Amino acid sequence: MKSRSKSTPQALKPRHIPQRSCIVCRDKRDKRELIRLVVNIENIVEVDPRGKKSGRGAYLCPRLECWDTSVNKGRLDYALRTRLSLENRQALLDFARSLPKKEA
């Protein structure tokens, strides 16, 4: 009688990690490494730390240079198809200054 070999369980496939691009430097990174910004129904741009809020979104690196360029040069306005108010612009720059100085 032929002996049957035990079937081995299939190897686990690595989990798919979504990739996104920073709207300024265009670096492609894991979605969780970037910071999502979303424009809400009141036309205010806010940080979306969990990445679940509804609305048009854009991603930025956690680097101050990318934030300065996106807010001051209009890249964020273009990506989100909106116009940032002065208060909204200042709030985003304040958030950017609270980011760590060096990337991990």
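Our subject is the structure listed above.
Notes on the structure follow. In this text the structure is predicted, and so the values were computed from the model without any measurement.

Turning our eyes to something else, we now look at the pattern of salt bridges. For the structure shown, the criterion picks out six salt bridges. Ionic pairing is found between Asp27 and Arg63, a salt bridge with its closest N-O pair at 4.0 Å. Here Asp27 is found in the loop between strand S1 (19–21) and strand S2 (28–30), whereas its partner Arg63 is found in the loop between strand S5 (56–60) and helix H1 (64–72), with 36 residues between them in sequence. By relative accessible area, which is 24% here, Arg63 ends up partly exposed.

Before going further, it helps to examine the layout of surface pockets. Each pocket or cavity is described by its volume, and for the largest pocket that value is around 160 Å³. As for the largest pocket, its lining consists of Lys31, Arg32, Leu34, Ile35, Arg36, Val47, Asp48, Pro49, Arg50, Gly51, Tyr59 and Phe95. Every element with two or more residues in the lining of the largest pocket is listed here: strand S3 (35–39) and strand S4 (45–48). Of the residues belonging to the lining of the largest pocket, the class tally is six nonpolar, one polar and five charged.

Cys22, Leu37, Val45, Leu60, Trp67, Leu76 and Leu92 are the most contacted members of the largest nonpolar core, which totals 23 residues. Among the elements of the structure, S3, S4, S5, H1, helix H2 (75–80) and helix H3 (86–97) are those that each provide at least two residues to this core. Residues within four places of Leu37 in sequence aside, it is in contact with Val45, Glu46, Val47, Arg56, Gly57, Ala58, Leu60, Trp67, Leu76, Leu80 and Leu92.

In this section: the environment of Gly74. Counting through the fold element by element, Gly74 comes out in the loop between H1 and H2. For the pair formed by Gly74 and Leu84, sequence separation is 10 residues and the distance between their alpha carbons is 8.7 Å.

Criteria and cut-off values
Residues numbered from 1 in each chain as written. Predicted model: local features only at pLDDT ≥ 70, side-chain atom pairs only at ≥ 80, totals over all residues. Heavy atoms only, no water. Salt bridge = Lys/Arg side-chain N within 4 Å of Asp/Glu carboxyl O. Helix = DSSP H or I, 4+ residues; strand = E, 2+ residues; numbered from the N terminus. Buried < 20%, exposed > 50% of the residue type's maximum accessible area, 1.4 Å probe, protein only. 1 Å grid on protein atoms, 1.4 Å probe; cavity = no way out; pocket = protein on both sides within 12 Å on 5 of 7 lines; lining within 4 Å. Points joined across faces, edges and corners; volume = space filled by probe spheres on them. Nonpolar A, V, L, I, M, F, W, Y, C, P; charged D, E, K, R; others polar. Core = buried A, V, L, I, M, F, W, Y, C linked by side-chain atoms within 4.5 Å. Contact = heavy atoms within 4.5 Å.

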